[in-house]
Amino acid sequence: MCTSSQNLRRGRWSALRLAARALLVLAGISGSALAQGKQPVRREAPFPTDALAAGALTPFTFNTWFSGGTATLNGFVQPANSLTFSQPYYSSAPQNSIFYSWAYQMFLWLTSPVTAKFGDVLYAAVFESPTFYDVSPANAAGARTFIPHDSAQPRSFSVRAAQAGVNDLPVVMSRDGKMYEVEKSPTAANGNQIVANAAGQRVEVSRIGLVNGKPILYDTKGNEIANARALVQTAKNSSRLIQELQVGRRLFYLDILGNPIDTEENQATGGVLIAQNGSLVYYETTVNDVYAYFRTQSLENGAANGQQQFPTTQAELDGIVAYAHAHGRTIPDPNALAIEIKTAWVETTGLPDPSSYITTTATIPAYDKSNPTHWVQNGQKTTTLALVGMHVVGSVKGHPEMIWSTFEHQYNAPNAAYVYAPATYVPVTATGVVAMDTRGQWLFCAYGATGGFNTTTQVMSGMDIISTGATNIGPNNALRYMPWGASSDNIPNPIVFGIEYSNAELLSINTSVHAGLVAGDIRRNYVMNGATWTNGGAAFHDNYGNPANGGNQPGQAVGTSQLSNMTMETFQTTKSNFDKMSNNCFSCHQSATNSTDYSHVYHALKKLF
C-alpha cells in the first residue's frame, strides 16, 4: 500500500509532471526541425551531465570496485557481491540506487580484461573467459547445450532471432504500443491457412480480402468466414496471443476474439537489424559457471526440469560450490551468483571509430547478397566484431527473479525527447528537457532521419534474409524511445517522485561512472539504460500502473519499468507511452512459481558434463 507520505509527495509533484509532459511534447516537435549542413562533432557523452545526483556514485565507492582500490586504465573491476546484496529502505520503500550500482559494477566486471586466473592467456573480457559458457541455438527438439570458451577457437554468433515472449513465441507491437505473441497459422495439406469460426471450428482460408483496411477471410467455397478468430494452441496468457496470416509478403493478425490487430508499419516477427555501416547484428547468450553448475546439478539430482529458484543464499551457493568441487571444478567468483548475459555485435568494417568499441573475433554466417531483396546464407566467415549492446541479468540476495539491466554503446542511436531533474531541481522549478535530435553520426540511424523508426524492413526466412516490402535489404533507422526506462506519461515505479527524477537517477550514475573511469578507458563509451526487478523479490505481478490503483505491491516491476535495449528490442519499442504488459523485461520473462522460468534458455539446457 502507498503510505500517506508517498501520496503527499505524488500530489505535490503532479502539477509539475503535467508541465513536464507538455514540455516533452514541445521538445519532440522542436527536435524534428533538423538543421542542414555538416555533421556536428560528437560530445563526450550524448546525454546531459548536470542531472540531480539521485543515483550518482561517490568517487570513494567507485574506486573500491577496482582490484587495487583505485581506478586504472581498462583496469580489472571485482564483481559485486550478490550474496550480501542489501536493500536500503526509505518510507517503507526500497530505493533504486543499490540495484543500479550492482548492475553497473557487474557490467564493468564482465568487460574487464583478465589474465591472472587463467595463466598466460589474455582474455579481452571476463565474459569471454573459461568461467563463462555460450548457450547454443536450440536444435530441432528444442534442446540447447553449454559451449565452453576456448582461447584458440573463435566463438560462433548468430543473426538476430525473433524476440520471444512469455510463451517463448515471437512478438510484434500494435500501433497503440501493446505487445502481442504470435502463433503461425496452422495449415491444411493443400497449404491453406486455418482459422477458427464463431463456433470455434477449424476452417480453411482460401483467400483474404480487404475492406476499409480490415481483412475479410473466405472459406474454400468462397463464403465469408463470419467472426473469424485466431486459432491458437497456447493456453497461457491467451489475451495477448494472436495468429499471423500471410498473403504474399503481407501479414495480417487476428486475436482470439476475432479482432484484427493493427501493427506498426512493416511489423513482422523475426525482424533483422542492420547498422548504417551495412553490418547485420549478431547475438550470443552466455551464462557463468554458477548458472551452469546449478543447472547441471539440478538435472543430475533427478529434477526433470531443474530446480525452481535461482540461488540467492549462502546455503544454496555452498551446495553448488561443493558440487563443482566434486567434479574437479573451481568457481573463481562464486559470490557473483547466477549470471546470464545477452550480447549484440556488428562487424567493425566501416565503423567510423572502431577503437571506441569492445571487440572480439568470431565466426558468423556469410551471405550471398547478389539479390538485393533476398540474401542467401552461404557458409561462414571469421571476422572482428564490435560490442553494441549487452543485457546483464543476475540473481542476488532476496531476488530470485533476478535483476535485469541493459547497456548500449553511447552512439548507437539518438534518443526520443525526454525530461530529467537537473542538479538545481526542487519542487515547482523548471524541468530539464532534451529534445529529439537525429543529427549526428549514429550507428543505427541516418543523419537527420525524421521517421520510419524501429520498423521491420527485412526478416529471417529460414536461414536467409528477405525484404518485407518493395525496398532493398539495408540499414534501419532506430530511435531510443524511453531511453532511460521511463515512459512520457506515467511514473515508472511507485518509489520515485516522477519521470524526471527517475531519468535523473540513470543520468547521474552514468555521469559518475564516466567521470570515475580513467580517460581512454574503452568502457566510457557505454551507458546503462536502466535496470528492473520486482518489488520484494516476489513473482512478477505486473508493471507499475496508476499510483491511485497500484500502490507499492509485492511482485510489481520497479526500477525502470519500461526498459529495452535498442539493439535487441528494436522492433518491440515503438512508442514512448506506458503499457503495463509491454516494454519491460518481465513482459517476456515471467512466472507465477519458478524463478528459473524467467530465463528462456534454462529449461532447454542439457547437463554441462
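Structure: above.
Bear in mind the structure is a predicted one, so any value in this text is a computation, not a measurement.

About the cut-offs
Residues numbered from 1 in each chain as written. Predicted model: local features only at pLDDT ≥ 70, side-chain atom pairs only at ≥ 80, totals over all residues. Heavy atoms only, no water. Helix = DSSP H or I, 4+ residues; strand = E, 2+ residues; numbered from the N terminus. Buried < 20%, exposed > 50% of the residue type's maximum accessible area, 1.4 Å probe, protein only. Contact = heavy atoms within 4.5 Å. Areas by Shrake-Rupley, 256 points an atom, 1.4 Å probe, with all protein chains shown as cover. Expected span 1.5 Å × (residues − 1). Core = buried A, V, L, I, M, F, W, Y, C linked by side-chain atoms within 4.5 Å. Salt bridge = Lys/Arg side-chain N within 4 Å of Asp/Glu carboxyl O. Axes fitted to C-alpha atoms, helices over the stretch in contact; angles between N-to-C directions. Parallel < 35°, antiparallel > 145°, perpendicular 65-115°, else oblique. Nonpolar A, V, L, I, M, F, W, Y, C, P; charged D, E, K, R; others polar. Polar contact = N/O pair within 3.5 Å; in protein donor to acceptor, adjacent residues only side chain to side chain. Left-handed = near helix turned anticlockwise from the far one by under 90°.

Engineer: Summarise the overall build of the protein chain; cite the residues concerned and give the values.
Structural biologist: Of regular secondary structure, the protein chain possesses 8 helices and 26 strands. Relative to its full complement of 609 residues, the protein chain shows a buried share of 58%. Sequence separation of 24 or more characterises 70% of the internal contacts of the protein chain that already satisfy a separation of 6 or more. Only carbon and sulfur atoms are counted for the fraction: they give 52% of the accessible area of the protein chain, which is about 23900 Å².

Engineer: Lay out helix 3 (residues 97-110) with the relevant residues and their values.
Structural biologist: For helix 3, built from 14 residues, the straight-helix expectation of 20 Å at 1.5 Å per residue is met to within 8% by its first-to-last C-alpha distance of 20 Å. The element helix 3 is largely enclosed, with a buried count of 12 among its 14 residues. Every buried residue of helix 3 is accounted for by F99, Y100, S101, W102, A103, Y104, Q105, M106, F107, L108, W109 and L110.

Engineer: Report on the environment of M390, specifying residues and quantitative values.
Structural biologist: As for its placement among the helices and strands, M390 is situated in strand 18 (residues 374-396). Classification of M390 as buried rests on a relative accessible area of 0%. Taking the C-alpha atoms as reference, M390 lies 8.5 Å from S405; in sequence the two are 15 residues apart.

Engineer: Run through unusual backbone geometry, naming residues and quoting values.
Structural biologist: Phi at L337 is positive, roughly 60 degrees, even though this residue is not glycine. Mapping L337 onto the fold places it in the loop between helix 5 (314-326) and strand 16 (339-347). With a phi close to 45 degrees, M482 is a non-glycine residue in the positive phi region. Secondary-structure assignment places M482 in the loop between strand 23 (464-467) and helix 6 (499-516).

Engineer: So what about the nonpolar core? Which residues, and what values?
Structural biologist: In terms of nonpolar packing, the biggest core is built from 89 residues, with F62, W102, Y104, L108, L280, V346 and F444 touching the most fellow members. It is helix 3 that contributes the most residues to this core, 10 residues altogether. Beyond its immediate sequence surroundings of up to four residues, L108 is in contact with F62, W65, V77, V513, L517 and R523.

Engineer: Explain the pattern of salt bridges to me, using residue names and the numbers behind them.
Structural biologist: Scanning the entire structure with this criterion turns up 6 salt bridges. A salt bridge links R155 to E128; its shortest N-O distance comes to 3.3 Å. Pair noted here: R155 is in strand 5 (residues 155-156) and E128 is in the loop between helix 3 and strand 3 (132-135), with a separation of 27 residues, a long-range link. Taken as a pair, R155 and E128 share a single burial class, namely buried. A salt bridge links E347 to K381; the shortest N-O distance between them is 3.1 Å. One end of the pair, E347, is in strand 16; the other, K381, is in strand 18, with 34 residues separating them in the sequence. Residue classification places E347 among the buried positions, given a relative accessible area of 12%. Because the salt bridges share partners, they merge into one network encompassing E128, D134 and R155.

Engineer: With reference to specific residues and values, describe the packing of helix 4 (residues 289-300) against helix 5.
Structural biologist: Relative to each other, helix 4 and helix 5 sit at 85 degrees, their axes nearing to 9 Å. Regarding the angle of helix 4 to helix 5, the classification is roughly perpendicular. Packed against helix 4, whose contacting residues are V290, Y293, F294, T296, Q297 and E300, the element helix 5 presents G319, I320, Y323 and A324 at the interface. When the residues that make up the contact of helix 4 with helix 5 are grouped by side-chain class, the tally is 6 nonpolar, 3 polar and 1 charged.

Engineer: Describe the side chain of S467, naming the residues involved and giving the relevant values.
Structural biologist: Of note, S467 is situated in strand 23. Assessed through its relative accessible area of 1%, S467 is described here as buried. Here T471 takes part through its backbone oxygen, which lies 2.6 Å from a polar atom of the side chain of S467.

Engineer: I'd love a proper account of the environment of H399, names of residues and values included.
Structural biologist: Locating H399 in the fold gives a position in strand 19 (residues 399-409). It is 8.8 Å that separates the C-alpha atoms of H399 and F310, two residues lying 89 residues apart in sequence. Looking at H399, its side chain comes within polar contact range of the side chain of E401, at 2.7 Å.

Engineer: How would you sum up the packing of helix 3 against helix 6? Please name residues and give values.
Structural biologist: Axes are the key here: two packed helices are described by the angle between their axes and the distance separating the axes. Axis separation between helix 3 and helix 6 bottoms out at 11 Å; the angle between their running directions is 40 degrees. Between helix 3 and helix 6, the crossing angle belongs to the class labelled oblique. The chirality of how helix 3 crosses helix 6 is right-handed. Residues Y100, S101, Y104 and L108 of helix 3 form the contact with helix 6, whose own contacting residues are E505, L506, I509, N510, V513 and H514. Class assignment of the residues belonging to the contact of helix 3 with helix 6 gives a composition of 6 nonpolar, 3 polar and 1 charged.

Engineer: Tell me about helix 4, and name the residues and values.
Structural biologist: Here helix 4 contains 12 residues, and its C-alpha end-to-end distance of 16 Å stays within 8% of the 16 Å for a straight helix at 1.5 Å per residue. Counting buried positions over the 12 residues of helix 4 gives 10, a clear majority of the element. For helix 4, the set of buried residues is D289, V290, Y291, A292, Y293, F294, R295, T296, Q297 and S298. Its buried side turned inward, helix 4 meets strand 3, strand 4 (146-148), strand 15 (282-288), helix 5 and strand 16.

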